[in-house]
Structure formats: structure tokens, C-alpha cells
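# Per-entry structural report
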Amino acid sequence: MTGTTSLIVPLDAEDDFDGWRDAARALVRADVSPDRVIWQVGEGVTDLFGGAAGPLPAATAPAFSVPRAFLDLARSVIGHRDPERFALLHTALARLREAPGLMQDQADPLIRRLEQLAKEVRRDIHKMRAFLRFREVADGGGARFVAWFEPDHHIVRANADFFLNRFAAMRWTILTPELSLDWDGETLREGPGAARADAPDGDPLEETWKTYYASIFNPARVKVGAMLKEMPRKYWKNMPETALVPALIAGAQAREAGMVAASHTAMTKGEAGTRRGASRETSWEALREEAAGCTRCPLFKPATQTVFGEGRIDAPLMFVGEQPGDQEDLAGRPFVGPAGQMFDKALAEAGLDRAAAYVTNAVKHFKYEQRGKRRIHAKPNGPEIDACRWWIDQERTLIQPRLIVALGATAARSVLGKAVTIAATRGTPHPLADGSEAWVTVHPSYLLRLPDAQAAEAEYARFVEDLARMKARLGELAG
Ligand code: URA
């Protein structure tokens, strides 16, 4: 569409993805340049000269489709507070019509910028899940729970289903400066924004969160500075369990065993998400959500997301890899790329069932160097491994595996707490302070890198032998 006049396009809300998508598709089909469009949120919008929003221009080009990955990306980006997001997405949509492979171009500055915005939104979504705390208030209808939260982005609606699913049995209200959500046990309603003063302070529910928090608290590892970094001060003041920290630190060693026991017994399933307590699974979920917002070391910046461990929450066997690779970083799951396929094959040959184990990594973010369009794996350094030990220690405390298999030197350093070589540590058990036992073997990607086919075959057979031995050892330990 030719012309220089601006076109005002109204949107119903800051996170109005459907409104943006419908309008942007029409604009691209009418060849309207993104720099002519003024995206305005709210009712009765006008431009600076008093012009009102008009109808969208008629399409001059046929309908087109875009990859699902773009729509997922756009859905996240829309929640960002950056006012340019609508125009950036419009530009990307117009380019995608001409170049459908654009999404694969990780080096493209626009795609990188959009990925970065989406990442910030996802982190904010996870922060709300991890750091929001309900307080109990009594009203005519019985107990009701109210929480105050200040998100950085427009993510409250995106989180509504999460809170609905987790706290379906409670009546609750979430107040934020932009809007409020109210669940009466049957219907979810939206209301206007609120002020901090509208939300109550301390109440009996705090006890629930204290118990819940204690169950995932590892006093042996606590560093207040690191903790504050994990839970930014903005959230810290709203979280009742922060009052617990000095006591937890003071009685650290003596309390540790009790806490671990509490996390496994007092918090029974079925009570998850209710005011009485949290199951081991709920504690693990909370841990994973906190890890999703991890900023303990700089690796979170270029990575797409935290790749947390997965598997059986009470698995007797835990595998620890090095760090997610390119595919794991995109999928958000450990060992799904080429090394993961090699690992799965070896496990099957050794008679081990991956689904019965817990699989995680020493470092939870993908470290890489960008070379053109490719992201090349880079080895995590000592401080990065040590920073991430916070998470793996928490995973170990919750899962309580009898046997931990470290795949490669990075995993061995993380599990054993010191730098070791594979040659010196392979083939013997390493007793750990918590009563479990570590074994060290090679990393599957080492096998993938061996240039000599015969050597690769022999090393693979040795790896399978190691795994079979660990299976037998697990049987002995179970005794
Ligand atoms: N390598 C690892 O160490 N972990 C993964 O998850 C994938 C590759």
C-alpha cells in the first residue's frame, strides 16, 4: 500500500496477541510498511493530530502461512513491555512471507532480538510462578487467599491457567498493578489493577509456605547473597519464608536431615498446591521454576532457557551430564540431541530404563560460541560449574538417588566437588557425604567425536559395560 499517512491500529490490551495477529496479517497482505503503523492499546485511540483508528486496508495479496515456531515466539514477545514489540513482530511477519526459513536463522538480528524479548517474558512468567505468595483473608464465604505481585512484563493473563490448575481448590485473588485475577472456585474473573496496600500482609498461610520452602532448602549450601540474587529483592519483601532464612542457616547441619525427611513424608501427594503442604513433586516443580529464572552465572544471557533435570522424582539412579547442547537448549529437555540418542541406545543395551532414572546436567544453560549461523558448544568453566551446583545439590536432596553416574569430567567435578580425570576415577565407586555413591564414566558426546571407527566401537562397548555394571551395583545397593 503506498502513501505516507500513518495508520492507527487499535489493540484491546497490552498482551492482545489475537488482535495483533489478525491486524498484522491484514497489514502484510495489504503491503503496509511497518513504519506507517501506530499500534495503540486501549479504547478510543487517536493519533497526535486527533485522527481516529480506521478500518484496515483491503488485502492485495493472497493469504499465507507462517511456521508454528513464529507464532509461539510472537505469543511470548507480545507480553513484553517494549513498545516496539508490535512493529518488530509486524516486520518479522512481512519478512517471513518472503523468506519462510527466516526462523532458522539464529544470526539474523531481528530474530535474535525477538528471541531475547521472548526469553525475558518467559523468565518473568517463571518468576511470578516461583515468587508469588498468597496470604489468607477471612471473608463471608470462608477462607480466601490474596497475593500481590509486580511483574516486569504483561504476563498475568499468560499465567492465569497455571494458578488455576495449581490452586483450583482454593478461592484466590491475584493483585497486580495492571490487572487482577479472581477465582471463586468456579469462575475466573478479571478486574482492574490494584495497589500494594490493597493486599494483606502476614497470615496463617505463611506456615504452609515456610514448610514448603524448607522442603527445598539446602542449608549446607546456603549463601544469602546468592539467594538474594535468585529471588530479587523486589520479590523478597513479599515472601514470608525469607524470615526463615536466619534460623535455617543457624541450625543448618542439625536441621538438614529433618528437612529432607519432611520433604519426603510430611508433604504427601494430593495436598500439592493446597494450604496444607507440598509433595516432593510440588517441591521439585517449584525448584524447576526457580531454576528457570536462574541468573547465578552469565550463561543464562545467551541461552534460550534453563534446561532442568527430568525423570522419576524418587529415582534410585541419577545421571548427570555436562550441559545442554544446541537441541536441548531449544527443546528445554536434557539429552534429546545426538548425544542423547547415543545415550538412549547404550542404556537400552545395558538393560537400563531411562524412564526409571532421573537425568540432569551439571550446568543448566547451554554455553556456546556463535559462528555465523551455528552455535558451537563451549565447555563450562569451574566457576560456572560451581555456580550451578546449587541446583544439582537441590535435585540430589529431593530425589535422593542411591547411585549417581557422572557422564564426563564436568559432571564428575560437579558431583565429586573437585576437578578429576576420567582415567583416575572411572571403574570405582566414590562414596558421597549423603550416603549415596558416585560412579564416573565417559560422556556420550566423547564417543561421537572419536574419529577412528574401530576405536569408537570399542569405547562405546566399554561405555555400555560401565552402564551394565552400574545396573548390577544398583541391585547390590538395593540389597
Ligand atoms: N550433553 C549433555 O551433557 N547434556 C545434554 O543434555 C545434552 C548433551
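Coordinates for the structure precede this section.
Small disclaimer: the values here were computed from a predicted structure and weren't measured.

Criteria and thresholds
- Each residue is numbered by its place in its chain's sequence as written, counting from 1.
- Given that this is a predicted model, residues contribute local features only at a pLDDT of at least 70 and side-chain atom pairs are listed and counted only at 80 or more, while totals for whole chains, interfaces and linings are drawn from all residues.
- Side-chain descriptors were evaluated using all non-hydrogen atoms of the structure, hydrogens and water having been removed beforehand.
- Only DSSP runs of H or I with at least four residues qualify as helices, and only runs of E with at least two residues qualify as strands; both kinds are numbered from the N terminus onward.
- Here the term buried applies to any residue with accessible area under 20% of the maximum for its type, exposed to any over 50%, and partly exposed to those in between, with areas from a 1.4 Å probe on protein chains only.
- Grid points spaced at 1 Å over the protein atoms alone were grouped into cavities, where a 1.4 Å probe fits but cannot get out, and pockets, open sets with protein on both sides within 12 Å along at least five of seven lines, with lining residues defined by an atom within 4 Å of a point.
- Grid points are joined across faces, edges and corners, and a volume is the space filled by probe spheres set on the points.
- Think of it as three bins: nonpolar holds Ala, Val, Leu, Ile, Met, Phe, Trp, Tyr, Cys and Pro, charged holds Asp, Glu, Lys and Arg, and polar takes everything else, Gly as well.
- These domain limits were set by an automatic method or by a database of domain assignments.
- Cysteine sulfur atoms are paired as a disulfide whenever they come within 2.5 Å of each other.
- Salt bridges are identified by distance alone: a Lys or Arg side-chain nitrogen within 4 Å of an Asp or Glu carboxyl oxygen.

### Some points on the environment of T5
- The topology assignment puts T5 in the segment before β1 (7-11).
- What makes T5 exposed here is its relative accessible area of 55%.
- Measuring from C-alpha to C-alpha, the distance between T5 and V37 comes to 8.9 Å, with 32 residues separating the pair along the chain.

### Focus on the layout of surface pockets
- Approximately 910 Å³ is the volume found for the largest pocket.
- What lines the largest pocket is a set of 39 residues, among which G325, D326, F366, H377 and S445 lie closest to the centre.
- For the lining of the largest pocket, the elements supplying multiple residues, two or more each, are α2 (68-77), α12 (326-331), α13 (338-349), β12 (374-377), α15 (409-416) and α17 (444-449).
- For the lining of the largest pocket, a count of residues per class yields 17 nonpolar, 12 polar and 10 charged.
- Counting contributing residues per domain, the lining of the largest pocket is built from domain 1 (7-122) and domain 4 (267-478), each supplying no fewer than three.

### What to know about the state of the cysteines
- Applying the stated criterion across every chain, the model contains zero disulfides.
- Cysteine C294 is unpaired, with the sulfur of C388 as its nearest cysteine sulfur at 6.0 Å.
- The closest cysteine sulfur to the non-disulfide-bonded C297 is located on C388, 6.4 Å from its own sulfur.

### Description of the pattern of salt bridges
- Here the structure, examined in full by the defined rule, presents 30 salt bridges.
- Across the pair R157 and E190 runs a salt bridge whose closest N-O atoms are separated by 2.6 Å. Of this pair, R157 sits in the loop between β4 (142-148) and α5 (160-166) while E190 sits in strand β7 (residues 188-192); the two residues are 33 residues apart in sequence, bridging distant segments of the chain.
- In this structure E190 comes out as partly exposed when scored by relative accessible area, which is 48%.
- Note that K367 and E384 form a salt bridge whose closest N and O atoms lie 3.0 Å from each other. Of this pair, K367 sits in the loop between β10 (358-361) and β11 (368-371) while E384 is found in helix α14 (residues 382-399), placing the two residues 17 residues apart along the sequence. Like K367, the residue E384 is buried in the burial classification.

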